[in-house]
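# What the coordinates show
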Amino acid sequence: MFPWLAERDGQRYDDEASRRDGRCAASIDARVPRGMLRTMAPTTFDGTAGYLVAPELRDAVNVAIDLEKPLLIKGEPGTGKTRLAEAVAESIGAPLFVWNVKSTSKARDGLYLYDTVARLNDARFNDRDIRDIRQYIKYGPLGRALLSDERVVLLIDEIDKADMEFPNDLLHELDRMSFSVDETGETITAKKRPVVIITSNNEKELPDAFLRRCVFHFIAFPDEELMKDIVRVHQPDVEDKLLSSCLVRFYWLRKQPDIKKRPSTSELIDWIAALRRAGIPVERLEGEMPFVGLLLKKEADVEALVNVKTGKLRSIRQ
Ligand SMILES: Nc1ncnc2c1ncn2[C@@H]1O[C@H](COP(=O)(O)OP(=O)(O)OP(=O)(O)O)[C@@H](O)[C@H]1O
Ligand SMILES: [Mg+2]
């Protein structure tokens, strides 16, 4: 929990009951008018059976939902940024719209495209009435999210892949939750503001004006206890001894200074699955790291590991 979340008006709000009635989440932003705190919806997200959240992430999601601000999520690759949006959608029972951002993506693509080619073709080859331009407007994920009658979750995944203009061009739409279709003269405004979750792998800095509009959360790398639970979500019948042994080796590997691309949650899950599938006995992990290619994805990192003296590998035995 954010330290400043835990205390307000000299009182601590760190128990489950106060979190649930929204006091704790609301206290993140002192600028929220007091009257509004009473009308805020109760917090709703607490992870799902398939997605476990640390309390800090849970609070950030609920604050973003309550304040109706986009949630910007950063974190190492494989720490569950994309899956978070799926989990939030599942948890609040809302449909999920996904906008996978590419290096060539333009903000406008997420709203709508006007299919002039189809209209031209219809004009030349079909009997179709081409006067109604609305039939040639193809809405993108953001457009569809704003058109929806019900509250939806919109995931804008990997926003940092696009150029700097991309987030800047979305400011108006994210503020007002409305956009205009120039070709038809229509203005579309969301009936229910979508829950917007934006992920970034930190490839590019995001503009300040964009950051100001978001609730930001960095997914801290899970500690061993949480990681155990996360692995168990994916592999409920994993043996305790194997899991503990894998975790010791995994966290040891992440601490090695020469490893440049540190393995993450998804790599660990895959590695344990491979070990179990191949029936590797836990004892074999004492002196070697089978299927290391599932943990280390760069040649230089594999070499760095090979260079680690056998003594060091022995020192991580349980
Ligand atoms: N908290 C979690 N609970 C359950 N599974 C998790 C959690 N965090 C990560 N995982 C698992 O790790 C894998 C990677 O998750 P995801 O694709 O969401 O990561 P990401 O942060 O979006 O990665 P990238 O930056 O590479 O896109 C998924 O299989 C997901 O189920
Ligand atoms: Mg992702």
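Note: the structure precedes this text.
Thresholds applied
Residues numbered from 1 in each chain as written. Chains lettered and ligands numbered in written order. Predicted model: local features only at pLDDT ≥ 70, side-chain atom pairs only at ≥ 80, totals over all residues. Helix = DSSP H or I, 4+ residues; strand = E, 2+ residues; numbered from the N terminus. Buried ≥ 20, exposed ≤ 12 C-beta atoms within 10 Å, placed from the backbone. Contact = placed C-beta atoms within 7 Å. Pairing = 2+ DSSP bridges. Near = placed C-beta within 6 Å. Domains from an automatic or database assignment. Axes fitted to C-alpha atoms, helices over the stretch in contact; angles between N-to-C directions. Parallel < 35°, antiparallel > 145°, perpendicular 65-115°, else oblique. Left-handed = near helix turned anticlockwise from the far one by under 90°. Nonpolar A, V, L, I, M, F, W, Y, C, P; charged D, E, K, R; others polar. Core = buried A, V, L, I, M, F, W, Y, C linked by C-beta atoms within 7 Å.

### Observations regarding the overall build of the protein
Counting its secondary structure elements, the protein contains 16 helices and 11 strands. Looking at the protein as a whole, 29% of its 318 residues are labelled buried. Sequence-distant contacts in the protein: of pairs separated by 6 or more residues, those separated by 24 or more amount to 72%.

### Concerning the pairing of strand S9 (residues 186–189)
Of the pairings in the sheet, the one linking strand S8 (residues 178–181) to S9 comprises four bridges and is antiparallel in character. Across the sheet, the residue bridging to Val181 is Glu186, located in S9. Connecting S8 to the next strand, S9, in antiparallel fashion are four residues, including Gly185 with a positive phi near 80°.

### Quick look at the site of ligand 1
Taken together, 16 residues surround ligand 1, and among them Pro77, Gly80, Lys81, Thr82 and Arg83 come closest. At the level of elements, helix H5 (81–92), helix H12 (224–234) and helix H14 (265–277) are the ones that each hand at least two residues to the shell around ligand 1. Built from parts of two domains, the shell around ligand 1 gets at least three residues from each of domain 1 (48–218) and domain 2 (224–315).

### A few points about the packing of H12 against helix H13 (residues 240–255)
For the pair H12 and H13, interaxial distance at closest approach is 11 Å and the crossing angle is 125°. In this view, H12 runs oblique relative to H13, as classed from their interaxial angle. When the axes of H12 and H13 are compared, the crossing they make is right-handed. Contacts from Glu224, Met227, Lys228 and Val231 of H12 reach H13 at Leu243, Leu247 and Tyr251.

### Description of the sheet that holds strand S7 (residues 153–157)
If you trace the five strands from one edge of the open sheet to the other, you get S4-S7-S10-S3-S11, paired in parallel fashion. The sheet terminates laterally at strand S4 (96–100) and strand S11 (215–218), the two strands that pair on one side only. Ignoring strand direction, the axes of neighbouring strands in this sheet form an average angle of 20°. Inspection of the sheet shows S7 paired to strand S10 (residues 195–200) by four bridges, in the parallel sense.

### A closer look at the packing of H13 against H14
For the pair H13 and H14, the least separation of the axes is 11 Å and the interaxial angle reads 135°. Classified by the interaxial angle, the pair formed by H13 and H14 is oblique. Between H13 and H14 lies a crossing whose hand is right-handed. Facing H13, whose interface residues are Leu242, Leu243, Cys246 and Phe250, H14 presents Leu268, Trp271, Ile272 and Leu275. Looking at side-chain class alone, the contact of H13 with H14 contains eight nonpolar, no polar and no charged residues.

### Structural notes on the nonpolar core
A general trend in soluble globular proteins is that nonpolar side chains are found buried together. If you look at the biggest cluster of nonpolar residues, it comprises 42 residues, and the most contacted ones within it are Leu71, Val88, Val153, Leu154 and Ile197. When residues of this core are traced back to their parent elements, those giving at least two are helix H4 (55–67), strand S3 (71–74), H5, S4, helix H6 (107–111), helix H8 (141–147), S7 and S10. The element best represented in this core is H4, accounting for six residues. With near-sequence residues (within four places) excluded, Val153 lies in contact with Ala85, Val88, Ala89, Ala94, Leu96, Pro194, Val195 and Ile197. In terms of nonpolar packing, the next biggest core, distinct from the first, is built from 11 residues, Cys246, Phe250, Ile272 and Leu275 among them.

### A word on unusual backbone geometry
Even without a glycine there, the phi angle at Glu68 is positive, about 55°. Along the polypeptide, Glu68 turns up in the loop between H4 and S3. Glu68 gets classed as partly exposed once you count the C-beta atoms within 10 Å, which come to 14. Its identity is not glycine, yet Met177 carries a phi of approximately 55°, on the positive side. Mapped onto the secondary structure, Met177 falls in the loop between helix H10 (171–176) and S8.

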